Amino acid sequence: QVQLVESGGGLVQAGGSLRLFCAASGRTFSSYAMGWFRQAPGKEREFVSGIRLSDENTYYADSVNGRFTISRDNAKNTVFLQMNSLKPEDTGVYYCAATTLPYGVRRMRNYDYWGQGTQVTVSS
């Protein structure tokens, strides 16, 4: 079992940066692949970024590639999402998720555990 708690969201102007944190409980954190998803008002939840457990390969949605960076610290049971050059369209609730599957980190249905989300608002 893994419990996830996100933090680091807030209000920022376009072009600014935020760093999101996802703190995980459970002694087997390093056994999970981790992902970030987001949901804008009136829209479906979408994949943002993922990091695979086996080789720590990282994956990004086209819309954030080059601006966002995902990383993890297994010793601290934490995954991070560094978000730079933020745009108003990045606004939404950001969710951290965990899966034991070694593949398919882009697919929401593959994730077993979810956090409650943290709000990110980017003003123009």
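Residues numbered from 1 in each chain as written. Predicted model: local features only at pLDDT ≥ 70, side-chain atom pairs only at ≥ 80, totals over all residues. Heavy atoms only, no water.

(A) How the structure looks around the environment of V5. For V5, the position within the fold is in strand β1 (residues 3-7). Taking the C-alpha atoms as reference points, V5 and W114, 109 residues apart in sequence, are found 8.5 Å from one another. What V5 contacts, discounting residues up to four positions off in sequence, is F21, C22 and A23. (Helix = DSSP H or I, 4+ residues; strand = E, 2+ residues; numbered from the N terminus. Contact = heavy atoms within 4.5 Å.)

(B) Region of interest: the pattern of salt bridges. One pass over the structure, following the stated rule, counts 3 salt bridges. Of the charged contacts in the structure, one is a salt bridge between R38 and D90, with a shortest N-O distance of 2.9 Å. Here the residue R38 occupies a position in strand β4 (residues 33-39), and D90 occupies one in the loop between β8 (78-83) and β9 (92-99), the gap between them amounting to 52 residues. Among the residues examined, D90 registers a relative accessible area of 0% and is labelled buried. Two residues, R67 and D90, come together in a salt bridge whose shortest N-O distance is 2.8 Å. (Salt bridge = Lys/Arg side-chain N within 4 Å of Asp/Glu carboxyl O. Buried < 20%, exposed > 50% of the residue type's maximum accessible area, 1.4 Å probe, protein only.)

(C) Highlighting the pairing of strand β7 (residues 68-73). Burial along β7 is one-sided: F68, I70 and R72 are buried, and none of T69, S71 and D73, which face the opposite way, are. Examined bridge by bridge, β7 and β8 share 6 bridges and lie antiparallel to one another. Counterpart to R72 in the pairing with β8 is V79. (Pairing = 2+ DSSP bridges.)

(D) Main features of the side chain of R67. In this fold, R67 is placed in the loop between β6 (58-60) and β7. There is a polar contact of 2.9 Å between the side chain of R67 and the backbone oxygen of S85. Sequence-distant contacts of R67, that is, excluding residues within four places in its chain, are made with Q82, M83, N84, S85, L86, K87 and D90. (Polar contact = N/O pair within 3.5 Å; in protein donor to acceptor, adjacent residues only side chain to side chain.)

(E) Quick look at the side chain of R38. Since its relative accessible area comes to 6%, R38 is described here as buried. Of the polar contacts made by the side chain of R38, one reaches the side chain of S63; its length is 3.5 Å. Polar contacts involving the side chain of R38 include one to the side chain of D90, which spans 2.9 Å. Those residues in contact with R38 that lie beyond four places of it in its chain are E44, R45, E46, V48, S63, V64, F68, E89, D90, V93 and Y94.

Honestly, that's just the spatial picture; any functional story needs more than this.
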